[in-house]
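# Architecture and fold: a report
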Amino acid sequence: MVSSSPLNLPLIERELKETTNQWVYRCLRHAVMTGLVPPGRAVTIRDVAAALGVSAMPVREALRRLSTEHALEVQDNRRIMVPQMTASKFRELCELRIALECHAAERALPYVTPQRIDELVAIDRRIDLANDAGDREAVTSLNQDFHRYLYQAHPNQVVMPLVESIWLQLGPFIRLALSKLKDFYQVDRHSEALTALRRQDPLALRIALEADIRDGITHVGTNELLKAYVESAGQHS
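Within each chain, residues carry numbers counting from 1 in the order of the written sequence. Reporting of local features is limited, given that this is a predicted model, to residues whose pLDDT is at least 70; pairs of side-chain atoms are given and counted only at 80 or more, and all residues count toward the totals for whole chains, interfaces and linings. The basis for every side-chain value is the complete set of heavy atoms in the structure, and neither hydrogens nor water enter the calculation.

Attention now moves to the packing of helix 10 (residues 189-199) against helix 11 (residues 202-217). Following both chains from N to C, one finds helix 10 and helix 11 inclined at 165°, their axes separated by 8 Å at the closest point. Taken together, the axis directions place helix 10 and helix 11 in an arrangement best described as roughly antiparallel. When you trace helix 10 past helix 11, the crossing you get is left-handed. Together, Arg 189, His 190, Glu 192, Ala 193, Ala 196 and Leu 197 of helix 10 and Ala 204, Leu 205, Ala 208, Ala 211, Asp 212 and Asp 215 of helix 11 make up the contact between the two elements. Across the contact of helix 10 with helix 11, the residue classes tally to seven nonpolar, one polar and four charged. Angles shown run from 0 to 180 degrees and are taken between the N-to-C directions of axes, each axis being a line fitted to C-alpha atoms and, for helices, limited to the stretch in contact. Comment: elements are numbered from the N terminus, with helices defined as DSSP H or I runs of at least four residues and strands as E runs of at least two. Our angle categories are set so that under 35 degrees counts as roughly parallel, over 145 as roughly antiparallel, 65 to 115 as roughly perpendicular, and the remainder as oblique. By the definition used in this description, the sense in which the near helix is turned from the far one sets the handedness, with an anticlockwise turn below a right angle giving left-handed and a clockwise turn giving right-handed. Note on contacts: a residue pair qualifies if any of its non-hydrogen atoms lie within 4.5 Å across the two residues. Note on residue classes: Ala, Val, Leu, Ile, Met, Phe, Trp, Tyr, Cys and Pro are nonpolar, Asp, Glu, Lys and Arg are charged, and everything else, Gly too, is polar.

Structure follows, in structure tokens:
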């Protein structure tokens, strides 16, 4: 079942000199990446335009860009939806995420300063506060900020577009993972990663990041759970 309820999109603050097309794309991309566009929910130009208070043209361009990034899919009937997910595809995306992010972290490690570690600690504290408040969107966004800020320590880092492509494809299923996080995430992997960063220990950093990703999301990747979530999201979005 596809809900006809209004689409919930965040109104991200518009940057200086940012065009309407760029802003609409950022808002919709953020919504997909943080799980605000659930599987089973059709995304129409009219819905997005109404939610963001813009015309159809920048929405059409944003949807086109996101479809080329495999975040959304234009179906035969021209309905735009989150692409179908299988357990096999989900596992493949998770393994690719682990490979890319461990690579990014190891390359960034020599450039991580004490000041950057302090900022990572501050981000991690904000994650804890958001988690205590039950703000799943903030938890997801801040967790991505933590990882992004680590990887971007490398001055010639080029892997982030690939990493964010994976985040986009996994984004609609993040809320399912967060709903079960307390059952599977028993160790603070960010704390382990911070310890590895202070020690400049690449092996410990890889182990912490791989465990962080596996603990955080891979447990939802079964056909039964994914199917149940898609059906539930389509009914209650």
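After that view of the structure, there is still more to cover.
Moving on, we get to the pattern of salt bridges. A pair is scored as a salt bridge if a Lys or Arg side-chain nitrogen falls within 4 Å of a carboxyl oxygen belonging to Asp or Glu. Scanning the model with the defined rule gives 13 salt bridges in all. Across the pair Glu 15 and Arg 26 runs a salt bridge, and its minimum N-O distance is 4.0 Å. In this pair, Glu 15 is assigned in the segment before helix 1 (20-33) and Arg 26 in helix 1, connecting sequence segments eleven residues apart. Here the term buried applies to any residue with accessible area under 20% of the maximum for its type, exposed to any over 50%, and partly exposed to those in between, with areas from a 1.4 Å probe on protein chains only. By relative accessible area, which is 24% here, Arg 26 ends up partly exposed. A salt bridge links Arg 189 to Asp 215; the shortest N-O distance between them is 2.7 Å. Of this pair, Arg 189 sits in helix 10 while Asp 215 is found in helix 11, placing the two residues 26 residues apart along the sequence. Judged by its relative accessible area of 17%, Arg 189 is buried. Connected via shared salt-bridge partners are Arg 29, Asp 145, Arg 148 and Glu 164.

Quick look at helix 4 (residues 87-108) now. One fewer than the residue count of a helix, multiplied by 1.5 Å, yields its expected span. With 22 residues, helix 4 ought to run about 32 Å at 1.5 Å a step, and its terminal C-alpha atoms sit 31 Å apart, in line with that. Restricting attention to buried positions, one finds in helix 4 the residues Ala 87, Phe 90, Leu 93, Cys 94, Arg 97, Ile 98, Leu 100, Glu 101, Cys 102, Ala 104, Ala 105 and Ala 108.

Within the secondary structure, Ala 42 is located in the loop between helix 1 and helix 2 (45-52). Exposure remark for Ala 42: the relative accessible area of 7% places this residue in the buried category. The spacing of Ala 42 and Val 82 is 40 residues in sequence and 7.8 Å in space, taken between C-alpha atoms.

Attention now moves to the nonpolar core. To define a nonpolar core, start from buried Ala, Val, Leu, Ile, Met, Phe, Trp, Tyr and Cys residues and group those joined through side-chain atoms within 4.5 Å. Of all hydrophobic cores here, the largest spans 67 residues; its most connected members are Val 43, Val 48, Leu 52, Leu 72, Leu 150, Leu 197 and Leu 205. No other element matches helix 4, which puts nine residues into this core. Apart from residues lying up to four places away in sequence, Val 48 is in contact with Leu 7, Leu 9, Leu 28, Val 43 and Val 59.

Despite not being glycine, Lys 17 has its phi angle at roughly 70°, a positive value. On the secondary structure map, Lys 17 appears in the segment before helix 1. Take Lys 17: its relative accessible area is 79%, and that puts it in the exposed class. A positive phi angle, close to 65°, is found at His 70, a residue other than glycine. With respect to the element layout, His 70 can be found in the loop between helix 3 (56-68) and strand 1 (73-74).

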